[in-house]
Amino acid sequence: GAGVSQSPSNKVTEKGKDVELRCDPISGHTALYWYRQSLGQGLEFLIYFQGNSAPDKSGLPSDRFSAERTGGSVSTLTIQRTQQEDSAVYLCASSLVGGGNVIEAFFGQGTRLTVV
Amino acid sequence: AQSVTQLDSHVSVSEGTPVLLRCNYSSSYSPSLFWYVQHPNKGLQLLLKYTSAATLVKGINGFEAEFKKSETSFHLTKPSAHMSDAAEYFCVVSERMNYGGSQGNLIFGKGTKLSVKP
C-alpha cells in the first residue's frame, strides 16, 4: 500500500489479556517507530527500529510491553497482561533516511486500544 | 540530546488573521525538523519538513516555516487563518545519525492547540 497500515483499527480487550498490534510500514522505509497517545495527551515514544541496529527501547513503560520487527519490515507491538491504563491510541510511523538524516516520516491511522 | 519546546500550549486567532506557532529545538548537529497536524479524532498528517535544503519551507494548506539555526527555532506561520485550521500542531526534531543521542529518532514537542474564532 501507499501508506503506513495498522491493524486492527480498534481493539477492546479484557484486563489481564495479551494483545498484539501490527504495523506495515511504507516499502523502502528503514526506520519504524511506535508511539502512544492517551486521551487529550501528546505523543509518548515507545520504541524505535532503524535498519539492522539494536532497537531503542527506552520508551517502553514496563516489561509487559515488547515489540519486534521481522525482516526489516512488519512490526508487532505486544502488550501482556493488559491494564486499564494501557488504554490509548497506539501509533506507528515509518521514515526514509538519506545522507544520515530522516527525510520524511509518515504515520498510520493508529490502533485504538480499550481495556475493560 | 535533542529536544523540542513548543512555547504555547494553546493559541487562539480570529479567522483571516495570521497564525504563529512557536517551536524551539535543541540539537547537536544538523537536524531534520517537521511539523505535523492532528485534527480531532484523526491521525497525524505531515504539514512540512526541513531536511538541510532551503531554510524557508512551504507546506500544505498555506503553511510555511523558517529554519533559523542562530535562534534554534522552526516557527510555523500562515498569513490568514481558516476555520479548518483548528487542530493540534506538533513540532518534531530528528538528529542526524552518527552524531550521538537517539540517532534518527523522532522527538515530539508537547503540541499546540490552535483555535480559530469566526
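For the structure itself, consult the block above.
Let me sum up the structure you'll find in this document. (Residues numbered from 1 in each chain as written. Chains lettered and ligands numbered in written order. Predicted model: local features only at pLDDT ≥ 70, side-chain atom pairs only at ≥ 80, totals over all residues. Heavy atoms only, no water.)

**Concerning the nonpolar core**
All names here are of chain B.
Alright, step 1. Ranked by internal contacts, the top residues of the largest apolar core, which has 26 residues, are Trp35, Leu48, Phe74, Leu76 and Tyr89.
Alright, step 2. Broken down by element, the residue count for this core peaks at four residues, all from strand β10 (residues 87-94).
Alright, step 3. Leave out the neighbours within four places in its chain, and Leu48 touches Leu33, Phe34, Trp35, Val57, Lys58, Gly59, Phe63, Glu64, Ala65, Phe74 and Leu76. (Core = buried A, V, L, I, M, F, W, Y, C linked by side-chain atoms within 4.5 Å. Buried < 20%, exposed > 50% of the residue type's maximum accessible area, 1.4 Å probe, protein only. Helix = DSSP H or I, 4+ residues; strand = E, 2+ residues; numbered from the N terminus. Contact = heavy atoms within 4.5 Å.)

**Focus: the interface of chain B and chain A**
Alright, step 1. Each partner contributes to the interface: chain B provides 24 residues, whereas chain A provides 23 residues.
Alright, step 2. Here chain B and chain A share an interface that buries about 1,900 Å² over both sides, 51% of which is from carbon and sulfur atoms.
Alright, step 3. Applying the counting rule to chain B against chain A returns one salt bridge.
Alright, step 4. The closest approach of N and O atoms between Glu104 of chain A and Lys49 of chain B, which form a salt bridge, is 4.0 Å.
Alright, step 5. Run the count over chain B and chain A and you get three residue pairs in polar contact (both at pLDDT 80 or more).
Alright, step 6. If you list the elements that add at least two residues to the side of chain B that touches chain A, you get β5 (32-38), β6 (44-50) and β10 of chain B.
Alright, step 7. Counting residues per element, the side of chain B that touches chain A draws most heavily on β5 of chain B, at four residues. (Buried area = accessible area lost by both parts, 1.4 Å probe. Salt bridge = Lys/Arg side-chain N within 4 Å of Asp/Glu carboxyl O. Polar contact = N/O pair within 3.5 Å; in protein donor to acceptor, adjacent residues only side chain to side chain.)

**Observations regarding the layout of surface pockets**
Empty pockets left among the atoms are what a rolling probe the size of a water molecule brings to light.
Alright, step 1. Estimated volume of the largest pocket: approximately 630 Å³.
Alright, step 2. Every element with two or more residues in the lining of the largest pocket is listed here: β8 (88-98) and β10 (111-115) of chain A together with β10 and β12 (112-117) of chain B.
Alright, step 3. At four residues, the largest contribution of residues to the lining of the largest pocket is made by β10 of chain A. (1 Å grid on protein atoms, 1.4 Å probe; cavity = no way out; pocket = protein on both sides within 12 Å on 5 of 7 lines; lining within 4 Å. Points joined across faces, edges and corners; volume = space filled by probe spheres on them.)

**Comments concerning the side chain of Asp86 of chain A**
Residues and elements named next belong to chain A.
Alright, step 1. Counting through the fold element by element, Asp86 comes out in the loop between β7 (75-79) and β8.
Alright, step 2. For Asp86, a relative accessible area of 2% puts it in the buried group.
Alright, step 3. Separated by 2.8 Å, the side chains of Asp86 and Arg64 make a polar contact.
Alright, step 4. Setting aside its immediate chain neighbours within four residues, Asp86 contacts Arg36, Arg64, Phe65, Ile79, Leu113 and Val115.

**Observations regarding the sheet that holds strand β6 (residues 65-69) of chain A**
All names here are of chain A.
Alright, step 1. A sheet is described by the order of its strands in space; here four strands give the open sequence β1-β3-β7-β6, paired in antiparallel fashion. The sheet is open, and its two edges are formed by β1 (5-7) and β6, each paired on a single side. The sheet shows a mean angle of 15 degrees between the axes of neighbouring strands, taken without regard to direction.
Alright, step 2. Both β6 and β7 contribute to a ladder of five bridges, which runs antiparallel. Bridge pairing links Ser66 to Thr78 in β7. (Pairing = 2+ DSSP bridges. Axes fitted to C-alpha atoms, helices over the stretch in contact; angles between N-to-C directions.)

**Re the pairing of β6 of chain B**
Residue and element names in this part refer to chain B.
Alright, step 1. Burial analysis of β6 places five of its seven residues in the buried class, the great majority of the element.
Alright, step 2. Sheet topology note: the β5/β6 ladder contains six bridges and is antiparallel. From the neighbouring strand, Leu33 faces β6, where its bridge partner is Tyr50.

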